[in-house]
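# Summary of structural features
In case you want the letters, here they are:
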Amino acid sequence: MSAAEPQSPSLTGLPRLPQEVAEGVANQVQLKHVVTEEKNVLPTADDLSQEKQHYEFKTGIENFKRGQLKRTDTEEKQVLPTSEDVAAERQHVELKTGIEQFSPEKLRTVSTEEKVVLPSKEDIAKEKVPQQVAQFNHEELKHVEPSVKTGLPTPEEYAREKVKTMAAKYDHKDLKHIEPTIKTSVEVIDDSH
């Protein structure tokens, strides 16, 4: 025998049944008898035809005779470039040689001037706003009763107000005094003719 004999597992090491199953076994619940049916799925006609094609393809490859092949010579053809291809390649070569042969002595020397940009008056004013708001004295404000106007004036009210303002601004110095003449006779005009 081996040095370490197998030991029986302790009760705590055994797997536990779910609570529902344990209660069912303890209460001797009667189970229904079930007949097991085994179903064998047969392949369809499409499955059979695909399998037959695959088998024929596979046996055709396995039984292929190399002697049936014909000898062929490979013919390499060179395609000449078009005029557009030649022009594009020439331009690329010229650009590349221009970059390779470029002399840095042809460049002008430039000195960089760094300028300190000062904030504008608007930027300074924007920065001061929070400080001014914090220091604002509300006691210097005067109480004002708000007047609420409802709606726009009608055309008649607008014309009346306009006449009042025009009359208030009118210069009376240029007017001359005229005595009115009063007519007492009334003439009747007959429109029946």
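These numbers were taken from a predicted model, which means no experiment stands behind them.

### What about the overall build of the chain?
- The number of helices and strands found in the chain is five helices and zero strands.
- When the helices and strands of the chain are read in sequence order from the N terminus, they spell out α-α-α-α-α.
- For 193 residues, the compact-globule estimate of 2.2 N^0.38 gives 16 Å, and the chain exceeds it by more than 25% at 57 Å.
- The dimensions of the chain, computed from C-alpha atoms along their principal axes, are 150 × 95 × 80 Å.
- Split by element, the accessible area of the chain, about 22500 Å² in all, is 55% carbon and sulfur.
- Within the chain, the 36 negative side-chain charges are centred at a point lying 4 Å from the centre of the 27 positive side-chain charges.

### Comments concerning helix α4 (residues 121–134)
- When the terminal C-alpha atoms of α4 are compared, their 21 Å separation across 14 residues agrees well with the 20 Å that a helix rising 1.5 Å per residue should span.
- Of all the bends in α4, the largest measures some 35° and sits at Lys 128, one to four residues before the proline Pro 130.
- The buried count for α4 comes to zero of 14 residues, which makes it a mostly uncovered element.

Conventions and cut-offs
Residues numbered from 1 in each chain as written. Predicted model: local features only at pLDDT ≥ 70, side-chain atom pairs only at ≥ 80, totals over all residues. Heavy atoms only, no water. Helix = DSSP H or I, 4+ residues; strand = E, 2+ residues; numbered from the N terminus. Rg over C-alpha atoms; globule rule 2.2 N^0.38 Å. Areas by Shrake-Rupley, 256 points an atom, 1.4 Å probe, with all protein chains shown as cover. Lys, Arg positive; Asp, Glu negative; His and termini not counted. Charge placed at Lys NZ, Arg CZ, Asp CG, Glu CD. Expected span 1.5 Å × (residues − 1). Bend = angle between axes of the 7 residues up to and from the residue. Buried < 20%, exposed > 50% of the residue type's maximum accessible area, 1.4 Å probe, protein only.

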